[in-house]
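The lines below spell out each chain.
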Amino acid sequence: MSDDSRPSLSGSRTAAVIPAAGRGVRLGPGAPKALRALNGTPMLIHAVRAMAASRAVSLVVVVAPPDGAAEVKTLLDAHALPERTDFLVVPGGDSRQESVKYGLDALPPGIDIVLVHDAARPLVPVDTVDAVIEAVREGAPAVVPALPLADTVKEVEPAAVAGAPEPVVATPERARLRAVQTPQGFDRATLVRAHETVTDNVTDDASMVEQLGLRVVVVPGHEEAFKVTRPLDLVLAEAVLARRRLNDGF
Ligand code: CTP
Ligand code: MG
């Protein structure tokens, strides 16, 4: 293939869709999870900054809680974000999948690479974001950052009653398993097609592309890209921020 027939790398435009419409039930009572503060700044703002930190990202689409779009707009206006990055806020849906779909629907023409990034992963380092974008640019239709597992994983027959003993069905070989994170990166047309075609409930976007029979690849994730899910994760996130402050000399 000659250089001319390749999609122009510098010409590709990347947007990040940030689903932030969840309640955060597992985090316990309080504001919607994305609006909860980490060291005084809402988790969502950390997540937006993490995407905008990549020079390749020219647009961030935030998918807000359905009744909170105005509040989220005000929040974004109130926080300093890079000049080079545009922002859009759209209301989300009942499931993460639906929220991502609304974010995709809001993308303008001219965007050809899309990242989907959980607001609940506020601390992903920019190097991870850039590695995902780079792998899409190199031709993978879907790219997932992921880490090897620390724990062995067992497949069980889930008990009808919570807490009851559950029979083990299988133990997959741990060395072949990866725990997936976000941002997941996609060729835009592929992700849009996946959302139009796949209707089952999924827990990540790349699995929809897998269902289309297309190649999905994993690149190294990062331990700081963990998802804030339960109360202890807030403690860890604030500790990571404190460590960064120390290292940055603030
Ligand atoms: N999300 C969304 N719309 C939904 C549900 C989830 O945009 N209807 C987003 C969340 O805001 C979060 C991401 O998807 O950034 C990952 O979901 P998860 O960590 O499960 O967040 P919540 O659904 O808010 O948490 P929980 O499942 O504990 O209620
Ligand atoms: Mg959820």
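- With an unreviewed UniProt entry as reference, the chain is termed 2-C-methyl-D-erythritol 4-phosphate cytidylyltransferase, source organism Streptomyces albiflavescens.
- Its UniProt record gives the chain a comment under Sequence similarities (unreviewed entry), which states: "Belongs to the IspD/TarI cytidylyltransferase family. IspD subfamily."
- Under the UniProt heading Catalytic activity (unreviewed entry), the note attached to the chain is "2-C-methyl-D-erythritol 4-phosphate + CTP + H(+) = 4-CDP-2-C-methyl-D-erythritol + diphosphate".

### Thoughts on the overall build of the chain
Phase 1 of the analysis: Helix and strand counts for the chain stand at 7 helices and 12 strands.
Phase 2 of the analysis: Relative to the 2.2 N^0.38 estimate, which gives 18 Å for 250 residues, the radius of gyration of the chain is 19 Å and therefore close to what a compact globule would have.
Phase 3 of the analysis: For the chain, the C-alpha atoms occupy an extent of roughly 60 × 45 × 40 Å along the three principal directions.
Phase 4 of the analysis: Within the chain, the proportion of its 250 residues that are buried is 46%.
Phase 5 of the analysis: Here the contacts in the chain between residues at least 6 apart in sequence split such that 73% fall between residues at least 24 apart.
Phase 6 of the analysis: Carbon together with sulfur atoms contributes 53% to the accessible area of the chain, which is approximately 13100 Å² in total.
Phase 7 of the analysis: Charge centroids of the chain, computed over 26 positive and 32 negative side chains, lie 3 Å from each other.

### So, the pairing of strand β7 (residues 142-148)
Phase 1 of the analysis: In terms of burial, β7 is a largely internal element, 5 of the 7 residues being buried.
Phase 2 of the analysis: Where β7 lies against strand β11 (residues 184-187), 2 bridges are found, and the strand directions are antiparallel. Residue pairing for β11: A142 is matched across the bridge by F186.
Phase 3 of the analysis: Both β7 and strand β12 (residues 216-220) contribute to a ladder of 5 bridges, which runs parallel. Across the sheet, the residue bridging to V143 is V217, located in β12.
Phase 4 of the analysis: With 3 bridges connecting them, β7 and strand β10 (residues 178-180) associate as antiparallel partners.

### What about the nonpolar core?
Phase 1 of the analysis: Formed by 34 residues in total, the largest nonpolar core has its most connected members in L44, V48, M51, V62, V72, L76 and L115.
Phase 2 of the analysis: Put simply, the parts of the chain that give this core at least two residues each are β1 (14-19), α1 (43-52), β4 (57-64), α2 (69-78), β6 (113-116) and α4 (126-137).
Phase 3 of the analysis: L107, I111, A194 and V198 belong to the second largest nonpolar core, which has 22 residues in total.

### Examining the UniProt feature "site: Transition state stabilizer" (unreviewed entry) in the chain
Phase 1 of the analysis: Those residues carrying the UniProt feature "site: Transition state stabilizer" (unreviewed entry) are R26 and K33 in this numbering.
Phase 2 of the analysis: Looking at the element boundaries, R26 is found in the loop between β1 and β2 (37-38).
Phase 3 of the analysis: What makes R26 exposed here is its relative accessible area of 51%.
Phase 4 of the analysis: Once you skip the residues sitting within four places of it in the chain, R26 turns out to touch K227, T229, R230 and P231.
Phase 5 of the analysis: Checked against the element boundaries, K33 lands in the loop between β1 and β2.
Phase 6 of the analysis: Residues within four places of K33 in sequence aside, it is in contact with G22, R23, G24, L27, M43, A120, V228 and T229.

### Side note on the pattern of salt bridges
Phase 1 of the analysis: One pass over the full model with this rule turns up 6 salt bridges.
Phase 2 of the analysis: A salt bridge links D118 to R96; the nearest nitrogen and oxygen atoms lie 2.9 Å apart. Linking D118 in the loop between β6 and α4 with R96 in helix α3 (residues 96-105), this pair joins segments that are 22 residues apart in sequence.
Phase 3 of the analysis: Look at R96 and you get partly exposed, because its relative accessible area is 28%.
Phase 4 of the analysis: R96 is the salt-bridge partner of D205, the closest N and O atoms lying 2.9 Å from each other. Residue D205 is found in the loop between α5 (188-197) and α6 (206-211), and its partner R96 is found in helix α3; the two are separated by 109 residues along the sequence.
Phase 5 of the analysis: D205 gets classed as buried once you look at its relative accessible area, which sits at 2%.
Phase 6 of the analysis: Linked through salt bridges whose partners overlap, the residues forming this network are R96, D118, R121 and D205.

### Examining helix α7 (residues 231-248)
Phase 1 of the analysis: If you check α7, its first and last C-alpha atoms are 26 Å apart, about what 18 residues at 1.5 Å a residue would give, namely 26 Å.
Phase 2 of the analysis: Those residues of α7 that sit buried are D233, L234, A237, V240 and L241. Viewed along the axis of α7, the buried residues span an arc of 125 degrees, placing them on a single side of the element. Pointing more than 90 degrees away from the buried face of α7 are the exposed residues L232, V235 and L246.
Phase 3 of the analysis: In this structure, the buried residues of α7 make contact with β2 and α1.
Phase 4 of the analysis: Trailing α7 by a residue or two, G249 shows a phi angle of about 75 degrees, which is positive.

About the criteria used
- Residues numbered from 1 in each chain as written.
- Chains lettered and ligands numbered in written order.
- Predicted model: local features only at pLDDT ≥ 70, side-chain atom pairs only at ≥ 80, totals over all residues.
- Heavy atoms only, no water.
- UniProt positions renumbered as here; feature names shortened; annotations may be inferred.
- Helix = DSSP H or I, 4+ residues; strand = E, 2+ residues; numbered from the N terminus.
- Rg over C-alpha atoms; globule rule 2.2 N^0.38 Å.
- Buried < 20%, exposed > 50% of the residue type's maximum accessible area, 1.4 Å probe, protein only.
- Contact = heavy atoms within 4.5 Å.
- Areas by Shrake-Rupley, 256 points an atom, 1.4 Å probe, with all protein chains shown as cover.
- Lys, Arg positive; Asp, Glu negative; His and termini not counted.
- Charge placed at Lys NZ, Arg CZ, Asp CG, Glu CD.
- Pairing = 2+ DSSP bridges.
- Core = buried A, V, L, I, M, F, W, Y, C linked by side-chain atoms within 4.5 Å.
- Salt bridge = Lys/Arg side-chain N within 4 Å of Asp/Glu carboxyl O.
- Expected span 1.5 Å × (residues − 1).
- Arc of directions from axis to C-beta.

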